[in-house]
Amino acid sequence: MENNIYNTISDPMYFKQLINSYENEEIEQWLLYLGKWWREYYDAKHKTYSSSEVFDNNDYSLFAQNCLQKGKKIAFISLGCGNSATEKHILNDYPDGYDVTYIWVDASDEMISMSVENLEWVKNEKIFLRADFGSEEFKNEINSLCKDFDHRVFAFFGGTFGNMKYTKIINILYNILNKDDKIWIDIWIRKWNKIEDDIKLFEIYKSYLTNPWKCDFLLSKIRQDGIDERDGEIVLRSEEQKESGAIKFSFYFKFNKKVNINIKNYDIWFLPWYSLKLLQIYRFWVEGFVDLLAGHNFELLEKQTKWYDWQFLFKKL
């Protein structure tokens, strides 16, 4: 089956976002998965988690029955979806009679190649859209691609939702979704809001600092752009988000000397006390998360839990 591939990210746009990331002292999440890291991320992930701790493909396939309706022309839009491994199983497990078009959205060229390979034998129509889903270009393109569908389901799998500022994502979605469109989200949660349990979570992420692979992953982008890892150190900070009950764990590169990098003839300076955010991970408090979405006019339809992994289905009101 022919693959429909669209690209909304140009080289000038990439460099503009890269420069903005450094000027805002916060690396955009998708920039970490360029080059070799798209494949190494999945190799490491598969070694880290067991099926007893996270949702497996069967969990997603069963939950999908709440999301994709028979007799309707459905656009199944997966945001920041990477290699489409989960989506492949969801689509293959669906019985005949479902009219589902799968729309892949990610910012990585490498992920397109991997997804095309993964989905080679999936019979559904497939569209691959390389885009930053926070951009105006994405909004215009997705509305154009989906104008003839009865319903749209936007999905965030693999913890993608928890790596970005969630209030920003929710506002972006609200301005893209139509009434009755659905959001299918899986997130990592904090089971309790007790200090001793939060300390346990902190220790989990603190272990990243002594894990050579994770440190290499966190440093890969800034090292590529000319920052020497000896010019600072990776530090971990945590902060509770009062409005949602989530805890944010943030990894920073804290500079110990004055550093200059040049991107497309544009100089950026970092002073010794500057901290550049490399990655953030939210662990959500379930009631706070549901209330947060409700406050943005999204109604909870279904939810499922497995260890620290939860998935939800919301509808825009």
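Presented here is a report on the structure given in the accompanying data block. (Residues numbered from 1 in each chain as written. Predicted model: local features only at pLDDT ≥ 70, side-chain atom pairs only at ≥ 80, totals over all residues. Heavy atoms only, no water.)

**Some points on the pattern of salt bridges**
Okay, step 1: What the rule picks out here adds up to 15 salt bridges.
Okay, step 2: With a shortest N-O distance of 3.0 Å, Glu240 and Arg190 are connected by a salt bridge. With Glu240 in strand E7 (residues 232-241) and Arg190 in the loop between strand E6 (182-188) and helix H8 (195-206), this residue pair connects regions lying 50 residues apart in the sequence.
Okay, step 3: Across the pair Glu229 and Arg223 runs a salt bridge whose closest N-O atoms are separated by 3.0 Å.
Okay, step 4: We classify Arg223 as partly exposed; its relative accessible area is 34%. (Salt bridge = Lys/Arg side-chain N within 4 Å of Asp/Glu carboxyl O. Helix = DSSP H or I, 4+ residues; strand = E, 2+ residues; numbered from the N terminus. Buried < 20%, exposed > 50% of the residue type's maximum accessible area, 1.4 Å probe, protein only.)

**Quick look at the pairing of strand E9 (residues 259-263)**
A regular strand places its side chains on the two faces of the sheet in alternate fashion.
Okay, step 1: Side chains of E9 alternate between two faces, with Val259, Ile261 and Ile263 buried and Asn260 and Asn262 left unburied.
Okay, step 2: Sheet topology places E9 next to strand E10 (residues 266-270); five bridges connect them, and they run antiparallel. Counted as the bridge partner of Ile263 is Tyr266 from E10.
Okay, step 3: What sits between E9 and E10 in their antiparallel hairpin is a turn of two residues, with Lys264 showing a positive phi close to 50°. (Pairing = 2+ DSSP bridges.)

**Comments concerning the side chain of Arg190**
Okay, step 1: Its relative accessible area of 3% is what places Arg190 among the buried residues.
Okay, step 2: Polar side-chain contacts of Arg190 include one of 2.5 Å to the backbone oxygen of Gly245.
Okay, step 3: If we ignore the near neighbours within four places in the chain, the residues touching Arg190 are Asp198, Leu201, Glu240, Gly245, Ala246, Ile247, Arg283, Phe284 and Trp285. (Polar contact = N/O pair within 3.5 Å; in protein donor to acceptor, adjacent residues only side chain to side chain. Contact = heavy atoms within 4.5 Å.)

**Points about the sheet that holds E7**
Okay, step 1: The strand order E7-E8-E11 describes an open sheet built from three strands, whose pairing is antiparallel. Strands with a single pairing partner mark the edges of an open sheet, and in this sheet they are E7 and strand E11 (275-283). With direction set aside, neighbouring strand axes in the sheet form an average angle of 20°.
Okay, step 2: With ten bridges joining them, E7 and strand E8 (residues 246-255) adopt antiparallel strand pairing. Within E8, the residue paired with Arg237 across the bridge is Ser250.
Okay, step 3: Set on the sheet, helix H9 (residues 212-224) makes contact with E7, E8 and E11; between it and E11 the angle comes to about 135°. (Axes fitted to C-alpha atoms, helices over the stretch in contact; angles between N-to-C directions.)

**Quick look at the sheet that holds strand E12 (residues 298-306)**
Hydrogen bonding along the main chain pairs the strands of a sheet, whether they run parallel or antiparallel.
Okay, step 1: A sheet is described by the order of its strands in space; here eight strands give the open sequence E1-E4-E3-E2-E5-E6-E13-E12, paired in mixed fashion. Looking at which strands have only one partner, the edges of the open sheet turn out to be strand E1 (4-7) and E12. In this sheet, neighbouring strand axes are inclined to one another by 20° on average, regardless of whether the strands run parallel or antiparallel.
Okay, step 2: Set on the sheet, helix H4 (residues 85-93) makes contact with strand E2 (73-79), strand E3 (99-106) and E6; between it and E2 the angle comes to about 160°.
Okay, step 3: In this fold helix H10 (residues 286-295) packs onto E6, E12 and strand E13 (309-316), with an angle of close to 15° to the strand it touches most, E13.

**With respect to empty space enclosed by the protein**
Okay, step 1: A complete count under the given rule lists one cavity of 30 Å³ or more for this structure.
Okay, step 2: In this structure, the largest cavity occupies an estimated 40 Å³ of space.
Okay, step 3: Taken together, Arg190, Lys191, Trp192, Asp197, Asp198, Leu201 and Tyr308 make up the lining of the largest cavity.
Okay, step 4: Partitioned by chemical class, the residues of the lining of the largest cavity number three nonpolar, no polar and four charged. (1 Å grid on protein atoms, 1.4 Å probe; cavity = no way out; pocket = protein on both sides within 12 Å on 5 of 7 lines; lining within 4 Å. Points joined across faces, edges and corners; volume = space filled by probe spheres on them. Nonpolar A, V, L, I, M, F, W, Y, C, P; charged D, E, K, R; others polar.)

**Re unusual backbone geometry**
Okay, step 1: The phi dihedral of Asn265 is positive, around 65°, even though this residue is not glycine.
Okay, step 2: Checked against the element boundaries, Asn265 lands in the loop between E9 and E10.
Okay, step 3: You will see that Asn297, though not glycine, has its phi angle at about 70°, which is positive.

**Some points on H4**
Think of an α-helix as 3.6 residues a turn; residues three or four steps apart then line up on the same face.
Okay, step 1: Among the residues making up H4, those that are buried are Thr86, Glu87, Ile90 and Leu91. Angular distribution of buried residues about the axis of H4 spans 125°; they occupy a single face of the element.
Okay, step 2: Where H4 is buried, its residues touch helix H3 (57-63), E2, E3 and E6. (Arc of directions from axis to C-beta.)

**Remarks on the environment of Leu276**
Okay, step 1: Tracing the backbone through its elements, the reader meets Leu276 in strand E11.
Okay, step 2: Residue Leu276 is classed as buried on the basis of its relative accessible area, which comes to 0%.
Okay, step 3: Sequence-distant contacts of Leu276, defined by excluding residues within four places in its chain, comprise Ser21, Tyr22, Glu25, Glu26, Ile27, Ile222, Ile227, Phe251, Tyr252, Phe253 and Phe255.

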